[in-house]
Amino acid sequence: MSNAESRRGNLAGWAFIAPAMVLLGLFMVYPIFWSLWMSFQTGKGLNFKFGGLANIIRLTKDPVFQHALSNTMIFLVVQVPVMIVMALLFAVALNNPALKGRAILRTAIFLPCVTSLVAYSVLFKSMFAVDGVVNHTLMALHVISAPIGWMVEPFWAKVLIILAITWRWTGYNMVFYLAALQNIDPSMYEAARIDGVPAWARFTRITIPMLRPVILFTTVLSTIGTLQLFDEVNTITASAGNGGMPADSTLTLSLYIYNLLFKFVPNYGYAATVSWLIVLIVAVLSWIQFQVAKER
Amino acid sequence: MSGLTLKGLRKAYGAAQVIKGVDLEILPEEFVVFVGPSGCGKSTLLRMIAGLESISGGDLFIGGRRVNDVDASQRGIAMVFQSYALYPHMTVRENMGFALKFAGASKTEITAKVDAAAAILGLGALMDRKPRDLSGGQRQRVAIGRAIVREPQVFLFDEPLSNLDAELRVHMRIEIARLHQDLKATIIYVTHDQIEAMTLADKIVVLREGRVEQTGSPLKLYDDPDNIFVAGFIGSPKMNFLSARVQGGRLVLPELADQSLPLPALQQALPEGAQVTLGLRPDVFKRGGSASLSLTIEIVEQLGGETFAYARVGGSAQIMTIAVEDGRALRPGQALVASFDPARALLFDTDGQRLR
């Protein structure tokens, strides 16, 4: 190919990707840099000016932000490990050819993540109401003596949110593990069986290490998802149009950003700062997870 | 080292019979090869011995102990898989020592055993590598090493060389033969490659559709097959089979324009007009003899040391493979008089059973 021809080829290539590049630039790259710039602005609404590190200083003194941060971290620390372990156990169980009704169980466990958010939120609200089916069942089974205030007591509200997102996302993660498990050569397990490696060791010493890249992937994904948690706390634990109830006990960083922009007098600069803090936390946590999962 | 006894061993998956009653005696230190076409049940039989497949009927004894219901790990066996089945996240050393950890061996004991096995297999320089950094042959050696460290009574090999290229396969074949001499181990080896079977085995077990067709030493099976299946399966190139008719004390070959040859000496008398199948190995033509066939050469294969001529008579469909001594001058289209000793011809009845 001559130089002129290759230049024409290059031009045609750029022309083909130009529409996508323009859209990405306009609606993604530009806003990202704009929000970074905004995070150094102070002021209400469209009336703002450069404030240097004022927003970051404000973060350190903002009790609502600190509450949202600690709530988010509690969700992260409790929910992600529980969900990952459950997804792993489900995947291993459902990968066993001896199990009857595998296809139905797989579908049943995967279904929540494709269920409409609003529909499931309404159901959860009804099921976990003080006089809802959950309390009735638990009382009938004598697990509890008085109804739990799932949506009124701060502690139980957090438990409810953790239950909801675990229910919704466990099957999603399980599918990744199932796919990875099916790629493991079954003769490896047969070799281990013949060599007298007990079942628990086959799981911890063969399955888990073999799934390590997928576990890392799902952990990073779930961490990001939980740090951005917004849907459930704005629907299930919302009352009178305000999410994160009761008493901000389920207020998350994402919800706080939303409130800063759309519930209170808009403060674009401060909201952008909180957004960038989430980015920073995601980056740090992902880096740590990659370090931990690195092959030694 | 232990021997094994298989008595009426059966395996069924639902209504499908896969192993239909296998009786077999395997002596201590014997190298036994299960061979047969794909789907003959050879791997299933091996997996039943290993304890990876349950036994539907019959008895399996290892070292005199009935092990039908004994867990795979307690049978005193070690297995080498076709896919090697190495643990990819462990180094060679960890792969080889992994099982010993669960057998209650101390660290020094494990190191000693692993090092000893590594020395036997020449793996010393590779001990800290992961399987992905090894060649196919090296991986196979690690898999064998992993079996050796357990000091099993019986080694099981499931098509261990099938994933290797031709050159490496020959090399590993020799290594396995040497290993058998060094370890004096009882080995059961599954392959579909009859050359591996011929070269490695003390005893070959030819299987077809879940049944044992014949058991014996490689040369016994080569020289004296019980039936047409074994005769055709063992030996490369394949034995020539010609339909023949007994007529006037001679064998008439309709596929070769009614050429005839003297009837080979048999213990039984064949009635006039009896239909039989004549089996002639390509190499019977090398030495010459009193019988001969007149053929026309169609294709000549020069292998350097050997020459194979593919020849037929006129337009007949029957093509004969003939090994020729000093065949370098042969050309397609030439006439060939292939002579042989009629005593080396084998006869089979219409059911494929050998006539002796």
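Here is what the cut-offs are and how they apply
- Residues numbered from 1 in each chain as written.
- Chains lettered and ligands numbered in written order.
- Predicted model: local features only at pLDDT ≥ 70, side-chain atom pairs only at ≥ 80, totals over all residues.
- Heavy atoms only, no water.
- Domains from an automatic or database assignment.
- Contact = heavy atoms within 4.5 Å.
- Buried area = accessible area lost by both parts, 1.4 Å probe.
- Polar contact = N/O pair within 3.5 Å; in protein donor to acceptor, adjacent residues only side chain to side chain.
- Nonpolar A, V, L, I, M, F, W, Y, C, P; charged D, E, K, R; others polar.
- Salt bridge = Lys/Arg side-chain N within 4 Å of Asp/Glu carboxyl O.
- Helix = DSSP H or I, 4+ residues; strand = E, 2+ residues; numbered from the N terminus.
- Core = buried A, V, L, I, M, F, W, Y, C linked by side-chain atoms within 4.5 Å.
- Buried < 20%, exposed > 50% of the residue type's maximum accessible area, 1.4 Å probe, protein only.
- Pairing = 2+ DSSP bridges.
- Axes fitted to C-alpha atoms, helices over the stretch in contact; angles between N-to-C directions.
- Right-handed = clockwise from strand over helix to strand, strands pointing away.
- 1 Å grid on protein atoms, 1.4 Å probe; cavity = no way out; pocket = protein on both sides within 12 Å on 5 of 7 lines; lining within 4 Å.
- Points joined across faces, edges and corners; volume = space filled by probe spheres on them.
- Phe/Tyr/Trp six-rings, centres within 6.5 Å; stacked < 30°, edge-to-face > 60°.

Looking now at the domain arrangement of chain A. All names here are of chain A. Annotation of chain A at the domain level lists domain 1 (3-38) and domain 2 (62-293). The distance between the C-alpha centroids of domain 1 and domain 2 comes to 36 Å. Of the residues lining the interface, 4 residues belong to domain 1; the matching set on domain 2 comes to 4 residues. Buried area between domain 1 and domain 2, both sides added, is near 360 Å², and the carbon and sulfur share of it is 75%. Counting the surface domain 1 buries against domain 2, the share from its top three residues, S35, L36 and M38, is 89%. Linking domain 1 with domain 2 are 1 residue pair in polar contact (both at pLDDT 80 or more), by the criterion used here. Classifying every residue of the side of domain 1 that touches domain 2 by side-chain character gives 3 nonpolar, 1 polar and no charged.

With that settled, the discussion passes to the interface of chain A and chain B. Taken together, the contact pairs 20 residues of chain A with 25 residues of chain B. Summing the contributions of chain A and of chain B, the shared interface buries around 1800 Å²; its carbon and sulfur component is 60%. Looking at the side of chain A facing chain B, the largest losses of area belong to I194(A), D195(A) and R205(A), adding up to 36% of the total buried there. Between chain A and chain B we count 2 salt bridges in total. A salt bridge links R150(B) to D195(A), with the shortest nitrogen-to-oxygen separation between them at 3.1 Å. Of all the secondary structure elements, the ones that give two or more residues to the side of chain A that touches chain B are α8 (186-194) and α9 (199-227) of chain A. Among the residues making up the side of chain A that touches chain B, the classes are represented as 11 nonpolar, 2 polar and 7 charged.

What follows is about the nonpolar core. Residues and elements named next belong to chain B. L4, L6, F34, L156 and I188 are the most contacted members of the largest nonpolar core, which totals 93 residues. Beyond its immediate chain neighbours, meaning those up to four positions away, I188 contacts L4, I26, V32, F34, L46, I49, V154, F155, L156 and F157. Among the nonpolar cores identified, the runner-up in size contains 47 residues, and V33, V35, L100 and I176 belong to it.

Residues and elements named next belong to chain B. With mixed pairing, the 6 strands of this open sheet are ordered in space as β6-β7-β8-β3-β9-β10. Pairing within the sheet leaves two strands with one partner each, and these edge strands are β6 (77-80) and β10 (211-216). Strand-to-strand, the axes of this sheet are offset by a mean angle of 20°, without reference to chain direction. Relative to strand β8 (residues 186-191), strand β7 (residues 154-158) runs parallel, the two sharing 5 bridges. Bridging across to β8, F155 finds its partner in I187. Strands β6 and β7 of the sheet are contacted by helix α4 (residues 136-148), whose axis makes an angle of about 175° with β6.

Turning next to the pairing of β8(B). Residues and elements named next belong to chain B. With 6 of its 6 residues buried, β8 lies for the most part within the structure. Neither face of β8 is left uncovered, since the one carrying T186, I188 and V190 and the one carrying I187, Y189 and T191 both have all their residues buried. Pairing geometry for strand β3 (residues 31-35) and β8, over 5 bridges, is parallel. Across the sheet, residue V33 finds its bridge partner in β8, namely Y189. A crossover connection joins β7 to the parallel β8 through helix α5 (residues 166-183); in handedness this β-α-β unit is right-handed.

On to the layout of surface pockets. Residue and element names in this part refer to chain A. The volume enclosed by the largest pocket comes to roughly 770 Å³. Taken together, 19 residues line the largest pocket, and the ones lying closest to its centre are N95, N96, P97, P186 and Y189. Those elements that provide at least two residues to the lining of the largest pocket are α3 (63-94), α7 (154-182), α8 and α9. Of the residues in the lining of the largest pocket, the class split is 11 nonpolar, 4 polar and 4 charged.

This next bit is on the side chain of T91(B). Residue and element names in this part refer to chain B. Position of T91 among the secondary structure elements: in the loop between β6 and α2 (92-102). Since its relative accessible area comes to 15%, T91 is described here as buried. Look past the residues within four positions of T91 in its chain and what remains in contact with it is M127, D128, R129 and K130.

Turning next to the packing of aromatic side chains. Under the counting rule described, the total for this entry stands at 25 aromatic pairs over all chains. With a centroid separation of 6.0 Å and 70° between ring planes, the pair formed by W200(A) and F102(B) is classed as edge-to-face. Placement of W200(A) in helix α9 and of F102(B) in helix α2 is noted, with the two residues assigned to different chains. Look at W200(A) and you get exposed, because its relative accessible area is 56%. The class for F102(B) is partly exposed, based on a relative accessible area of 24%. Ring centres of Y256(A) and Y270(A) lie 6.5 Å apart, and the angle between their planes is 90°; this geometry places the pair in the edge-to-face category.

All right, on to the domain arrangement of chain B then. Residues and elements named next belong to chain B. When the domains of chain B are assigned, the result is domain 1 (4-233) and domain 2 (242-355). For domain 1 and domain 2, the distance between their C-alpha centroids amounts to 38 Å. At the junction of the two partners, domain 1 supplies 9 residues and domain 2 supplies 8 residues. Here domain 1 and domain 2 share an interface that buries about 760 Å² over both sides, 47% of which is from carbon and sulfur atoms. Inspection of the region where domain 1 meets domain 2 yields 1 salt bridge. In this assembly, domain 1 and domain 2 are joined by 6 residue pairs in polar contact (both at pLDDT 80 or more). Elements with a contribution of two residues or more to the side of domain 1 that touches domain 2: α7 (218-223) and α8 (228-233). The element contributing the most residues to the side of domain 1 that touches domain 2 is α7, with 3 residues. Among the residues forming the side of domain 1 that touches domain 2, the class breakdown is 5 nonpolar, 1 polar and 3 charged.

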